[in-house]
Amino acid sequence: MTERYVMSIDQGTTSTRCILFDHGGRLVSVAQREHRQHFPRPGWVEHDPVEIWRNLERIAPEALAQAGVTARQVAAVGIANQRETTVLWDRITGVPIGRAIVWQDTRTSALVDELGRGPGASIVPERSGLPLATYFSAPRIRWTLDHTPGLRERAERGEVLFGTMESWLIWNLSGGPDGGVHVTDVTNASRTLLMDLRTLAWDDGLLSFFDVPRAMLPEIRSSTETYGTARRVFPGVRIGAALGDQQAALFGQTCFAPGETKCTYGTGAFLLMNTGTTPVRSGNGLLTTVGYKIGDEDAVYALEGSIAVTGALVQWFRDGLGLIGTAPEIETLARSVDDNGGCYIVPAFSGLFAPHWRGEARGIIVGLTSYITKNHLARAVLEATGWQTREVVDAMNRDSGLSLRELKADGGMTSDNLLMQIVADVLNVPVERPMVVETVSLGAAYAAGLAVGYWADLEGLRRNWHRAARWVPAMDTRRRDAEYDNWRRAVERTFGWIRPGEDGDGTAPA
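About the cut-offs
Residues numbered from 1 in each chain as written. Predicted model: local features only at pLDDT ≥ 70, side-chain atom pairs only at ≥ 80, totals over all residues. Heavy atoms only, no water. Helix = DSSP H or I, 4+ residues; strand = E, 2+ residues; numbered from the N terminus. Rg over C-alpha atoms; globule rule 2.2 N^0.38 Å. Buried < 20%, exposed > 50% of the residue type's maximum accessible area, 1.4 Å probe, protein only. Contact = heavy atoms within 4.5 Å. Core = buried A, V, L, I, M, F, W, Y, C linked by side-chain atoms within 4.5 Å. Phe/Tyr/Trp six-rings, centres within 6.5 Å; stacked < 30°, edge-to-face > 60°. Lys NZ or Arg CZ within 6 Å of the ring centre and 35° of its normal. Pairing = 2+ DSSP bridges. Axes fitted to C-alpha atoms, helices over the stretch in contact; angles between N-to-C directions. Salt bridge = Lys/Arg side-chain N within 4 Å of Asp/Glu carboxyl O. Parallel < 35°, antiparallel > 145°, perpendicular 65-115°, else oblique. Left-handed = near helix turned anticlockwise from the far one by under 90°. Nonpolar A, V, L, I, M, F, W, Y, C, P; charged D, E, K, R; others polar. pLDDT = per-residue confidence, 0-100. UniProt positions renumbered as here; feature names shortened; annotations may be inferred.

Undergrad: Looking at this structure, I do not really get the overall build of the protein chain. What am I missing?
TA: The helix and strand tally for the protein chain stands at 16 helices and 23 strands. For 510 residues, the compact-globule estimate of 2.2 N^0.38 gives 24 Å, and the protein chain sits close to it at 22 Å. Each principal axis of the C-alpha atoms in the protein chain carries an extent, and together these give about 70 × 60 × 45 Å. Here the protein chain, with 510 residues, has 60% of them falling under the buried criterion. Excluding contacts between residues fewer than 6 apart, the proportion of contacts in the protein chain whose partners are at least 24 apart in sequence is 71%.

Undergrad: How should helix α6 (residues 165–173) be read in this particular structure?
TA: Helical periodicity: at 3.6 residues per turn, an α-helix aligns residues three or four positions apart in one direction. Burial of α6 is extensive: nine of the nine residues sit out of reach of the surface. Of the residues flanking the end of α6, it is G175, one or two places downstream, whose phi is positive at about 135 degrees.

Undergrad: It is not clear to me how the nonpolar core should be interpreted in this structure. Could you clarify?
TA: As a rule of thumb, soluble globular proteins bury nonpolar side chains together. Ranked by size, the top nonpolar core spans 59 residues in total, and within it Y265 and L407 carry the most contacts. Broken down by element, this core gets its largest block of residues, 11 residues, from helix α12 (residues 374–400). Once you skip the residues sitting within four places of it in the chain, L407 turns out to touch T261, K262, C263, Y265, L271, T389, V423, L427, V429, P430, V431 and E432. Among the nonpolar cores identified, the runner-up in size contains 45 residues, and W44, V45, A189 and L194 belong to it.

Undergrad: Where do I start with the packing of aromatic side chains in this structure?
TA: Taken as a whole, this structure holds 16 aromatic pairs when the rule is applied. Relative to F136, the ring of Y135 has its centre 5.0 Å away and its plane inclined at 50 degrees; by these criteria the two rings are tilted. On the accessibility criterion, Y135 (7% relative accessible area) is buried. Seen in terms of ring centroids, Y446 and W455 are 5.0 Å apart; in terms of plane orientation they differ by 90 degrees. Their pairing is edge-to-face. With respect to burial, Y446 and W455 carry one shared label: buried. The residue whose ring lies beneath R107 is W143, and the NZ or CZ to ring-centre distance is 4.8 Å. Sitting over the face of the ring of W465, K408 holds its NZ or CZ atom 4.4 Å from the ring centroid.

Undergrad: Explain the sheet that holds strand β22 (residues 431–434) to me, please; I cannot follow it from the model alone.
TA: Paired through their backbone hydrogen bonds, the strands of a sheet run either parallel or antiparallel. Pairing within the open sheet is mixed, and its seven strands lie in the order β17-β18-β16-β15-β21-β22-β23. Where the open sheet ends on each side, the last strands, each with one partner, are β17 (287–292) and β23 (467–471). Going across the sheet, the axis of each strand differs from the next one's by a mean of 30 degrees, ignoring polarity. In terms of strand pairing, strand β15 (residues 261–265) meets strand β21 (residues 407–410) through four bridges, oriented parallel. Bridge pairing in β21 links K262 to K408.

Undergrad: How should I be thinking about the pattern of salt bridges in this particular structure?
TA: When their charged atoms lie close together, side chains carrying opposite charge are able to pair. The tally for this structure, following the rule as stated, stands at 35 salt bridges. With its nearest N and O atoms 3.0 Å apart, the salt bridge here joins E331 to R335. Of the two residues, E331 and R335 are both situated in helix α11 (residues 329–335); the distance of four residues between them amounts to about one turn of the helix. For E331, a relative accessible area of 15% translates into the label buried. A cluster of three or more residues bridged by salt bridges with shared partners is formed by R83, E84, R191, D245 and E304.

Undergrad: How do you make sense of the packing of helix α10 (residues 311–320) against α12 when you look at a structure like this?
TA: The angle between the axes and the distance between the axes are what describe a pair of packed helices. Axis separation between α10 and α12 bottoms out at 8 Å; the angle between their running directions is 160 degrees. If you check the angle between α10 and α12, you find them roughly antiparallel. In this structure, α10 meets α12 at a crossing whose hand is right-handed. Judged by residue contacts, L313, V314 and F317 of α10 engage K374, L377, A378, V381 and A384 from α12. Its residues assigned to classes, the contact of α10 with α12 comprises seven nonpolar, no polar and one charged.

Undergrad: I would appreciate a short explanation of the confidence of the model for the protein chain in the present structure.
TA: Should pLDDT be low for a region, the predicted coordinates there are not to be read in detail. Across the protein chain, the average pLDDT comes to 92, with 97% of residues at or above 70. Note that pLDDT drops below 50 for residues 504–510; the model gives that stretch 11 contacts with residues more than four away or on any other chain.

Undergrad: Whenever I open this one, the environment of R390 confuses me. Can you help?
TA: Looking at the secondary structure, you find R390 in helix α12. Separated by 34 residues in the primary sequence, R390 and A424 have C-alpha atoms spaced 9.6 Å apart. In this structure, R390 is in contact with V426, L427, R480 and Y484, ignoring residues within four places of it in sequence.

Undergrad: When you look at the UniProt feature "binding site: glycerol" (unreviewed entry) in the protein chain in this model, what are you seeing that I'm missing?
TA: Taken from the UniProt record, the annotation "binding site: glycerol" (unreviewed entry) applies to R83, E84, Y135, D245 and Q246. Its location among the elements puts D245 in helix α9 (residues 245–252). Examined against the element boundaries, Q246 turns out to sit in helix α9. Given the relative accessible area of 6%, Q246 is considered buried.

Undergrad: Help me understand the pairing of β15 in this model?
TA: Residues in a regular strand point their side chains to alternate faces of the sheet. For β15, the buried fraction is high: five of the five residues fall into the buried class. Residues T261, C263 and Y265 point to one face of β15 and K262 and T264 to the other, with burial holding for every one of them. Pairing of β15 with strand β16 (residues 269–276), which is carried by five bridges, proceeds in the antiparallel orientation. Opposite Y265, over in β16, you have A269 as the bridge partner. Hairpin geometry of β15 and β16 is characterised by an intervening segment of three residues between the two adjacent antiparallel strands.

Structure, rendered in structure tokens:
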């Protein structure tokens with residue numbers, strides 16, 4: 001019998017990857033291509049959706065050819081995507097309305113402030129589970145409708161479609177202008193500010209608040225079901241799953257029980273805790289979001305804490321300060337000292353995310369004395385990721401009433417063994433790294449395979465999870481408490497740096 005596989009498309013912020021997985025959840029082949037980052041103005045970040053689609057057309061055959069596999073051997077394809085990035089396109093021609101506005105983009109700041117002062121703003125967190133912020137899709141849709149002459153009228157007539165990246169790719173894969181399926185999944189829909197978290201449907205009150213026409217929105221579906229059959233790139237292959245990238249990592253880490261938590265450490269870090277089939281409202285600065293929904297089963301919810309700067313701090317240490325030549329060197333420097341020498345770095349380069357949500361905060365280094373060397377600074381860089389993780393985990397434990405027992409870690413930074421030990425020490429729980437570190441891609445593959453019966457159930461997926469490394473806490477309790485207290489005092493000193501009326505660099509607007 002011919003071997004069968006599942007293909008995962010990981011459409012990320014900097015690149016798109018196609019990865020083929022076998023029945024044991026092992027990576028068989030991978031093809032990747034980066035796309036351009038466009039920064040037309042300060043605070044604006046854009047991608048070209050056509051470039052991303054063309055990249056997928058190129059790399060999918062590469063991934064198949066590497067493995068010596070044909071499309072007929074692919075049981076299903078699943079998609080994980082950068083969330084909140086917003087694409088509008090013409091239903092008839094398939095041509096995007098300008099570039100995609102990326103999740104990092106802050107052009108909607110003034111609009112968000114204006115909406116927040118308006119009547120009815122309280123319905124946004126109440127119904128969507130999310131704060132009214134530039135981070136999410138709805139303000140970007142509204143901004144584009146407001147700034148493109150004639151677009152609103154066309155959108156109201158159903159001539160213009162909105163989607164996050166998985167919607168754009170599914171529409172194109174399934175035929176584009178010639179019968180393409182216009183869908184999104186609950187995890188991505190839950191990041192738009194337009195979906196009611198309880199009903200899992202577009203909410204009339206939210207649509208009215210943001211003034212977004214219903215006719216342009218995709219149909220909301222579960223995370224694992226067959227949306228359609230690919231007519232391009234993978235002709236005849238079923239499209240069986242879509243999940244936002246962080247939810248895909250939760251799924252790939254097999255965090256299927258309430259309290260199970262993963263953290264993906266990359267440029268920033270994203271912690272997600274499975275909270276079961278009831279949404280948990282946060283009183284501590286976390287996001288309430290959909291974790292996943294399998295077919296007709298009840299949706300599983302999650303609490304999410306996003307940390308803006310983790311790996312980016314190592315990059316700044318390397319490129320901005322020139323203190324190391326390569327990222328891995330930071331571990332060597334940090335290991336050469338026993339502690340941080342009393343020095344703390346809070347990397348609020350563009351404000352603080354969870355659990356503080358202080359956009360005016362800016363980064364600081366505190367505790368500098370003539371004793372401090374670059375080795376101490378290197379250690380403080382790694383510890384900043386540990387303490388930021390601790391702040392989010394504390395908030396999750398308070399909100400959920402659950403207690404973190406272990407953390408499943410993935411992402412590029414997990415190759416730093418000292419960092420993983422620091423995280424275990426400051427959380428006082430074991431940290432585990434899986435054999436397959438591509439958990440975002442694996443989660444999309446698992447979800448797609450589940451949808452078509454390639455894998456039978458969640459227990460089968462759990463059996464595929466294998467531990468590569470484990471770190472257990474070894475820090476004295478009194479030292480942990482004292483260091484955490486110092487960290488929190490350092491964080492407070494970042495608050496209020498940018499005053500009202502100043503630009504992000506601290507200068508008055510021109």
